[in-house]
Each structure stands twice: as structure tokens, then as C-alpha cells.
Amino acid sequence: MNLAFVVMLPFLGAFLPPLVERVTGNRTLLACGAAALPALALALLFDPARKVFAGETLHSTLTWIPSLDLSLAFRLDGLALLFALLVLGIGLLVILYARYYLSAKEKAGRFYAYLLLFMGAMLGVVTSDNLLLLVVFWELTSLSSFLLIGFWGHQTGARKGARMAMTVTGMGGLALLAGVLLIGDVVGSFSLTEVLASGDLIRGSELYPLILCLVLLGAFTKSAQFPFHFWLPHAMAAPTPVSAYLHSATMVKAGVFLLARLYPALAGTDLWFEIVTLAGMATLLWGAAVALFQHDLKGLLAYSTISHLGLITLLFGLNSQLAAVAAVFHIINHATFKASLFMAAGIIDHETGTRDMRRINGLWKYMPYTAVLAMVASAAMAGVPLLNGFLSKEMFFTETLQSEQLGAMSWLLPLGATLGGVFSVAYSARFIHDVFFNGEPINLPKYPPHEPPRYMKVPVEILVALCVAVGVFPAITVAGLLAVAATATLGGELPEYHLAIWHGFNLPLVMSFIALFGGIFVYSQRRRLFDLWARLPELDAKLVFEGRIQQLGRLASAITGRLQNGSLQSYVAWGVTLVAVILLTQMWHLPALSLDVGMLPMDGVAVLCTAMLVAAAFLTTILHRHRMTSIMSLSVVGLMVSLLFVRFSAPDLALTQLSVEVVTMLLLMLAMYFLPVRTKVESSSVRVVRDVLLALVVGAGVAVMAFLVMTGDTTTISQFFMDNSKSGGGGTNVVNVILVDFRGFDTFGEITVLGIAAMGIYALLKDLNLASAKYDSLGRPWAKDAHPLVLVTISRPLLPLALLIAVYIFLRGHNLPGGGFVAGLITSVALVLQYVASGVGWVHSRMPGDYHPVVALGVLLAGLTGVGSWVFGYPFLTSSFTYVSLPVIGKFELATAMLFDTGVFLTVVGSTLLMLANLGKLSLLDDKREEA
Amino acid sequence: MELLVAIIIGVLVASGVYLCLRARTFPVVMGLTLLSYGVNVFLFAMGGLKMNQVAVVGMSPDPTDPLPQALVLTAIVIGFAMTAFLVVLALRSQGELHNDHVDGKPDDGGRS
């Protein structure tokens, strides 16, 4: 049986209730729909359970993200089986209970869906064999419990309680993730099986204290341990079935489950003892004491749960095998009696309309049957003999007596334990006496209360019967399950212990009796204690928490408001500042600058050209307010850059740069026609100084980096391209072969971007109304002349010549500098020249002015060339070539790369002309408007 | 030579950055153009500098590194497309908002 399938069943089941709800309004059918798949999961566990009882550990693994060592790995050992039974078994009882608890008006389908979602997540937590997977499910339980606590989202308390639970357990989840990542780092694997086998490695690691603290943060927040306990009472805003399920048996147990699960890997050190025992003891005492003073029925149970979770944590902290057995035993017992108590509390709430114990009194007369059930469960909670709570509590007392880890202060442990026991009896007594006796009910919203529907009591009956059965016949009921679960917790070895009601008259029994009578005495003094409690300053965790959250929110919005002020200019400044900071801080790691390295010799021409370039760049910057002048000096920069490419053996780049330079200048001139001719002076001098500094830092940093790379030793992968260009790509111009063959996919992406940019420009220019300036910067009106005759005369014969050159450049591109990009740009320049010389009207009357199809055709051709290789069973864009001999022309090469390059060519021509021609048409529109 | 190229890169980047930080669209476009020149030369220089050693098989005894060239070649074309897009965006914002400030509204006088 595949475990993964069992875990997935509740998740699949989550889809069922909302679907059933659409078909029928029958709530019983709905509950059956919700219960179907969990019941199936429980049934499917039967056979694996037999194997586990036989001592096997079942594994099932599906790979998920192997590179992260994250697999869908599940394991079923005793501990996982115990929790799986709790999750599924109590889950089914809760579904039955919720059938009667939820009123007809409520969205029961949604409720069951959340409940099953949680069930699946919890099942995942307990059966994961991969720590990362465990964290994933862990977070899922936080998320789904958020939905469940906030189910009555119309109530403020529900919303706030859900948010608080989410925040606290979510933060713990993050800490757990960090801890798990560190464990994976130390062990070298996230597999739980390997981690459990590497306990010594982890405990010996330097990171152990950090790992322990992080993992414990996760466990303590989830299990509501002091000082993270405050979220649990507020989670009581949830519907009671949720509390019965999440806050007694399952979710809060996830934390102690984690302690049990990682016990072989993390426990056994002094640090573990100190933190876990201390937190457990504090939680045990605090929870038990505060529980007595709660007037809310569920509040009492919530604090009691906190206290019992503290007890379990304390047991795990004792670093003794028997204590761990007792802890696992108490997990079982607490789940049964606390779930039934929550359900009983829900019944009382349901039948009386209130949970306030100051008003609920004397219910014995009205609902005796429920009263008996609740009283038995409370007695189990108090640790009364013949009930399950008594057995594990005895074991707890025994263990605290045996621990000697506190040295001379070891008596503190049994003392604290007894004190906890006293309060535990006191609040249990209150639950019994205050609710079912103690006079008559006061002003109940629903009067008279009566017994709930028959089947609402069934889940409580089952759980209470279990309490009694375990309490009276531990050896034949729970012993087997406890043994396999405890064996799995301890990592294979099981200490000797006896589950018996009577161990003889010994010290733990005395402690039990002290607790029993002490508790009853404390309860009898309750009036005085309540008065005392009322005089204490009230500390509302919710208010404090909300206040902190709001502070955080205000801080965040203040920071965001400061950074995201809506000014793009300041965003750019922030971005550049960040670059400058990175440059400045990382520069220390670079080797010292030295001019005494092997450099190519300088010559006069190079120095002169550099000087021109630098001067032109500065001029562009300094004169940027005079836009025309600035454009002109910019073009000088561009031309110098293309000369630089020529000088350093990059003819392809030089050709490309040169032709791009021409179209860029045309573009800027066209744009300038519509923009203000001068830039106003508006930056404050502070800003100018700041920007100059930023520019200098970034410029200097980049220059230093470039210099270091150029003069340093570099290795290159280019030898591969040099060697394979001719044989693999069929061309000798390696740059072009890289573009159309080796890295053809990149080029394909790039021409697609080019096409998209052109389309974007077309869309932006559509329906754009712009008024052009009428005068230049010196106040002279723009020329209204027809197109100058000389330009017209020269440009027309130039067109065929330029196209011829483009064809030549294109064809030779595979073997000599040239290719589709350059040829496309030359063609564009030749055509744009016609626009400039003769006007849009003249050009469009002679050739179609629609360039979209050209762009599309280009991208399509390049893409189809790539797809074509699929036909022959090769990967995308595999090129092939052959040599053909024709008379007259002679032998030449035909390569599919040429087809691809044609696609590049068409895209470049189409895009460039689409941009420029449409921009040019804007002025035409403007002229027409003026005439009209 | 390497020193000269490094100076060129530094000057191009510094001028580009300064202009990019201006408030009006036109200088920003100019700045981006300068910056892309600078970045292109920077990328190109990553392959090391060689004179008269074109990366064509059989033409040079010790050919230069062709890979940065191939990268820069497409970068030049894409850079043009980006500049064009930006220019048109500036025009559109001029048309819609009737000013050419990069923030879409007149400046607050150099604060922030």
C-alpha cells in the first residue's frame, strides 16, 4: 500500500464536501461525504499497521525536486502510526460531532473542506520521511488552522485569534525551516532516516546550539509552550469541533511530535535538558494555575491544554528513556480526554447558549448523561485512579523523582510536578462542580437546557470509553501501540516498564494523593483566590499583540512611504546608490591596481581618438540642456566606439555599431521635434553634487573592474567555438556562427524581443496627439521647405547600391564579417534615407508601408527553421549545411543557418522601419492638423 | 591600450549614470544611450583586447575571443530597440501629461 496515497486521501477528500453541498442540502449526507475518504485512509492503514506492529518501518518515496534533496518520502513507524491513528480517528469523530454542532445556516461544506485540508497536512507532518517535506506540511497545518480558527470570520475575535495563531506558528515554522536546513547541512541529507541515525554527528556539531534553538522555536510555538503560549486561548474563538480536533489532539501535538520525532537526533545533551525541561515546567505551572481562573469553559480547557503540553515537553526534556515513554503515553491519554472534554464543552455551549461558568451551574439536573461523560473525562484530566490520566501522571511523577540532573536542586522537579498536579485537580474540580452542580443556572440564553441529539454524544462516548478502558486495562488496550510508538521515538530500544494500576504504596502515589486532596482544597478556597486574581493587573495578550503588530505595520508603511514616493527619478538614484555601495564594498577584495602589467602599446591615433571620445561624452553630458548639440556630440561618441571595435578586431561589431548609430540619431532627431528643445535648470545644487559623486564612483568602479579583467589572466571557452565553427556550423566567421548556430536560441529570443519592442512602439504611437515645437532653441521657425533637392538626388541612386551591399554583406556573413543583423540595419538605413529625403508620402506610394508582416515573417522564419530540425529528429535549431556546385557561380555552401539569418534580417528591417516610419508619420499628422 | 579602453568605459558609464539621474526624459534617453555604449564596450573588453586578429577561422594566427563579440552584437541591436521604446514612451508621456518630467509631474524643486 502506497503511503503517499493515504496521505493524499484527505486532500482529495477536501474537494468532496463543497461538491456534495451543491447537490444536496442534507447535512448528514454532507458529513458522510466528508468522512468517506478519511475513513478509507484509516481502513487502508490497517495492513501497514500490522506490519508496523510486527516491527517493520514502512517507506515510500516519490522523487520531487532531487536537486534540493526534496522528495515525497513517507515513512510509517510506530510513532507515525500512533499519530496517524489520532489524526484520522479523532478526525472522523470530529466530523460526526460537527454534523450536529454546526447550524443549518453555516457553510458546512467549506468547514469540512478546511478540516480535511488540515487533516491531510497533519497526516503529512507525522508521516514525512524528509525534513523539508515535513516543514512544507507543517506550514500547511498553520495555514489550514488559520482558516479553521477564522471560520466565523464575521467575529472580530475569530479574525484576530486566527491572525495571532498564524503569526506565532508561522514564525515558528520559519525558525524550524532554518533549523532543518542547518540539520541538512550538518548531516548532508534531509532524509529523516539518515538524520535520526546521525544523532552524534549533530550533537557534536558546532551548529548544534543554533539548530536546537531553531527547531525548539518551531516546536514551542506550535505546542503553545511558554512564552509562546498566548495564542492558544485566543484560538478558542474557533468553532468547538476545531478546538476539539486542533487544540487538543492534533495541531498543538505537532510540536511535541517534533520533539519525539527528533528525539534520537537532538536529545541527550545538557542544553536540551535545560531548555526543554525549563520551558515545559514553566508552561505546566503557568497553564495549570491560570486555567483555574478562567470563567470561559473553553478558556479553562485551553489553559489546561497548555499545561498538559508543558507536562509532555517536560518529560521529553528529562533525557531519560522512561520519561520519553511516559511522554508518548500522555500524548495518547491527553488526546482522548481533552478531545472529549472540548466536545462536552461544545455540547454545553450548544444547549445553553453560553460558555460562562459563572452562569452555567447545576446542569446535572438537565443533562445528566452528558454530565457523566464530562465528569469521567475531567477525572481523567485530574489523574484520578482507574482512568488513563492517572497512569501517565504516575509515570510523570516517578520520572521527576528519578531525575538528578539539577544536582542539589533536583527536588524542584517533583515539587513543581506536584504543584502542577494540585492545580490540575483544582481546575478539573471546577469543571465538574461549577458546571454541573453549584446551584441553579443563572440567566441562560437558552432555557431550559436539555440533552443534545443522540449522535452528537457518540464521539464523546467513544473517547470516554477509551479513557476508562485504558485506565482499567492498560495492558490489553494501549500497551502494544505505546510500545511500538515509544520504540520508534527512542530510535529502536525500549526500556523496561510496566503499565499497571497498582505499583504498590510508593512516593508517586503519595504525590498523586497530595495533588488530589490539595487540588480539592484549593478549589474550596476559590472565592478568595478569584478575588485575589481580580485584583491583579489585567494583561490582555490580544491587545499587546495587536499593538505590536500595528506598530510594525506603521513602521513598514513609514519606510515604504519614504522609499516608494512615486518619483522614478529617486528610484533610479536609489538603484545607482546601491550599485555604488556594492562597488565600494566589494572593491577591497580585488587585487591592487598596477600599470606595470603587460599591455598593448599605445599609439598617437588611439590616444587622439580616446581624447575625442572622452571630450564628446563630457560634452554630451555638460551640454545636455542644449538638446541638438548634445545629440551631435553623442553621435561622435558612437562613431568613436565603432572605431574602437575596428581597432580591436571586431569588424562585425563596428559595422553594427555604425549602422545602429545612424538610426539612433534619426530616432533622437525625430523625437526632439516633439519634446521641449531645452531642458530647464531645476535640480538643486545638492542633487547635482550628489549625482556627480554617484556617477564618478560607479564610473571609476566599472573602469577599474574592466582594467583588472583586461590585464588579468582569463580563461575562455571560445576555443570550442573556434574549433567547431567550420566543421559543426559550416562557416568561418565565428561571431556569426555563434549567433546563428551555437547560440541560435539566444538570437531567436533576441529578435523576438526586437519584434515585441517594435510592436510596443507601434501601440504607444497609436492615437497619440503631439504638438511639435514651432521654433528651434534660438527662436527661429522650423524650415517649411520641401525636401531638399540635393539630398533627394543623391539618396535615390543610393538605394539600389545600398541594397546590393546589404545582399553582399548578408551572403558573406557566414564566412566573413557581416550577416543578418548588419545587412538588416544597412537595408533599414537605405530605406529610412528615402523617408528623410523624399517624405513618407513619396515612399508609401511606391512600397507598402506596413511593416508588421515583415516582423512577423522574420520571427516566424527563424522559428520554423528551428522547428524544421525536429522533422529530422534533431533538437530545436540544429543547423545543417551542404555544398552545392552550380555552373558559372561555382561551388557554394547552403546552410539552414542562412535561412535563420534571413529571419533575423527580416525582423531587423521590419522592426527598425516600423519604429522610425511610425514616428515619422507623427509629424505628418501634426502638419495635417495645422493645415486644417 | 587597456588603460585607454578602461578610461573610455569609465567616462561612458559615469556620463551615462549622471544623465540617467536627470529629471527630464530627453537627458535620460541620452544617458541610457551612453550607458549602453559603456556596457557594450565593457562586455566586449571582457574577452581581452587584440589588434588585427579577427575571429575568422584561418585568417589570424591568434584570433580574438569571438564570444563577447557575439553577445555585444545582439546587445547593440537590442539596445537600439530599448532606446527607441524609451523615446516613444517619453513622447507618449509628453502627449498624455503635457510635460517631459520622468515622474510625470513637474519637479518639487530638487528635494527628495
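Residues numbered from 1 in each chain as written. Chains lettered and ligands numbered in written order. Predicted model: local features only at pLDDT ≥ 70, side-chain atom pairs only at ≥ 80, totals over all residues. Heavy atoms only, no water.

Glancing now at the overall build of chain A. Counting its secondary structure elements, chain A contains 40 helices and four strands. Residues counted as buried form 54% of the 932 residues belonging to chain A. Across chain A, contacts joining residues at least 24 apart in sequence account for 78% of those joining residues at least 6 apart. Total accessible area on chain A stands at roughly 39600 Å², and carbon and sulfur atoms take up 70% of it. (Helix = DSSP H or I, 4+ residues; strand = E, 2+ residues; numbered from the N terminus. Buried < 20%, exposed > 50% of the residue type's maximum accessible area, 1.4 Å probe, protein only. Contact = heavy atoms within 4.5 Å. Areas by Shrake-Rupley, 256 points an atom, 1.4 Å probe, with all protein chains shown as cover.)

Each helix and strand counted, chain B has three helices and zero strands in total. Counting the 112 residues in chain B, one finds 70% classified as buried. Look at the contacts in chain B between residues 6 or more apart in sequence, and 49% of them connect residues 24 or more apart. Carbon and sulfur atoms make up 66% of the accessible area of chain B, which amounts to about 3500 Å² in all.

This paragraph deals with the packing of aromatic side chains. Per the stated rule, a full pass over the model turns up 24 aromatic pairs over all chains. Note on A:Phe293 and A:Phe530: the rings are 5.9 Å apart at their centroids and 65° apart in plane angle, and the pair reads as edge-to-face. Here A:Phe293, found in the loop between helix 16 (270–292) and helix 17 (297–317), pairs with A:Phe530, found in helix 26 (residues 526–535); they are 237 residues apart in sequence, far enough to count as distant. The positively charged end of A:Arg99 is found above the aromatic ring belonging to A:Tyr100, 4.5 Å away from the centroid. It is B:Arg22 that lies over the ring of B:Tyr18; its NZ or CZ is 4.2 Å from the centre. (Phe/Tyr/Trp six-rings, centres within 6.5 Å; stacked < 30°, edge-to-face > 60°. Lys NZ or Arg CZ within 6 Å of the ring centre and 35° of its normal.)

Bringing the interface of chain A and chain B into the picture now. Between chain A and chain B, the residue contacts involve 111 residues of the former and 81 residues of the latter. Contact with chain B buries surface across chain A, with A:Phe648, A:Glu682 and A:Met710 losing the most and accounting together for 8% of the total. Viewed at the interface, chain B and chain A are joined by two salt bridges. With a closest N to O distance of 2.9 Å, A:Arg627 and B:Asp100 form a salt bridge. In terms of residue count, helix 32 (residues 685–711) of chain A provides more of the side of chain A that touches chain B than any other element does, 17 residues in total. (Buried area = accessible area lost by both parts, 1.4 Å probe. Salt bridge = Lys/Arg side-chain N within 4 Å of Asp/Glu carboxyl O.)

All names here are of chain A. Here strand 2 (residues 70–76) lies mainly inside the structure; six of its seven residues are buried. One ladder, built from seven bridges, connects strand 1 (residues 58–65) with strand 2; its direction is antiparallel. In the strand pairing of strand 2, leucine 62 is matched with leucine 72. Here strand 1 folds back onto strand 2, and the loop between the two strands holds four residues, one of which, aspartate 69, carries a positive phi near 60°. (Pairing = 2+ DSSP bridges.)

Attention now goes to the pattern of salt bridges. Pairing between side chains of opposite charge can happen when their charged atoms approach one another. All names here are of chain A. For the structure on display, the rule yields 21 salt bridges over all chains. Between aspartate 746 and arginine 743 there is a salt bridge, with the nearest N and O atoms lying 2.9 Å from each other. Owing to a relative accessible area of 33%, aspartate 746 belongs among the partly exposed residues under this scheme.

The next subject is the nonpolar core. One finds A:Trp231, A:Leu266, A:Trp272 and A:Phe316 to be the most contacted residues of the largest nonpolar core, which totals 206 residues. In terms of residue count, the dominant contributor to this core is helix 18 (residues 321–352) of chain A (19 residues). Apart from residues lying up to four places away in sequence, A:Trp272 is in contact with A:Tyr208, A:Leu212, A:Leu216, A:Leu259, A:Tyr263, A:Leu266, A:Ala267, A:Thr277, A:Phe316, A:Gly317 and A:Asn319. Grouped together as the second largest cluster of nonpolar side chains are 122 residues, A:Ala671, A:Val904, A:Val908 and B:Val77 included. (Core = buried A, V, L, I, M, F, W, Y, C linked by side-chain atoms within 4.5 Å.)

On to the side chain of A:Asn736. By secondary structure assignment, the location of A:Asn736 is in helix 34 (residues 734–742). In this view, A:Asn736 contacts A:Gly813, A:His814, A:Gly818, A:Gly819, A:Gly820 and A:Asp901; residues no more than four positions away in its chain are not counted.

In this section: the environment of A:Pro449. With respect to the helices and strands, A:Pro449 occurs in the loop between helix 21 (412–436) and helix 22 (458–472). For A:Pro449 and A:Thr352, which are 97 residues apart along the polypeptide, the C-alpha to C-alpha distance reads 5.5 Å.

Further remarks concern the packing of helix 1 (residues 3–13) of chain A against helix 3 (residues 27–44) of chain A. Residues and elements named next belong to chain A. Two elements in contact, helix 1 and helix 3, have axes separated by 8 Å at closest approach and are oriented at 170°. Taken together, the axes of helix 1 and helix 3 are roughly antiparallel relative to one another. Between helix 1 and helix 3, the residues in contact are Phe5, Val6, Leu9, Leu12 and Gly13 and Leu37, Leu40, Ala41 and Leu44, respectively. Looking at the contact of helix 1 with helix 3 residue by residue, the class counts come to eight nonpolar, one polar and no charged. (Axes fitted to C-alpha atoms, helices over the stretch in contact; angles between N-to-C directions. Parallel < 35°, antiparallel > 145°, perpendicular 65-115°, else oblique. Nonpolar A, V, L, I, M, F, W, Y, C, P; charged D, E, K, R; others polar.)

All names here are of chain B. In the predicted model, chain B carries a mean pLDDT of 86, and 94% of its residues have values of at least 70. Taken element by element, the predicted model of chain B shows its lowest mean pLDDT in helix 3 (residues 66–97) (89) and its highest in helix 1 (residues 2–20) (94). Scored as a complex, the prediction yields pTM 0.68 and ipTM 0.93. (pLDDT = per-residue confidence, 0-100.)

Before going further, it helps to examine unusual backbone geometry. Residues A:Phe226 and A:Pro227 are joined by a peptide bond in cis, for which omega reads 5°. Looking at the secondary structure, you find A:Pro227 in the loop between helix 11 (208–222) and helix 12 (231–234). Even without a glycine there, the phi angle at B:Asn52 is positive, about 55°. Inspection of the secondary structure assignment puts B:Asn52 in the loop between helix 2 (25–45) and helix 3.

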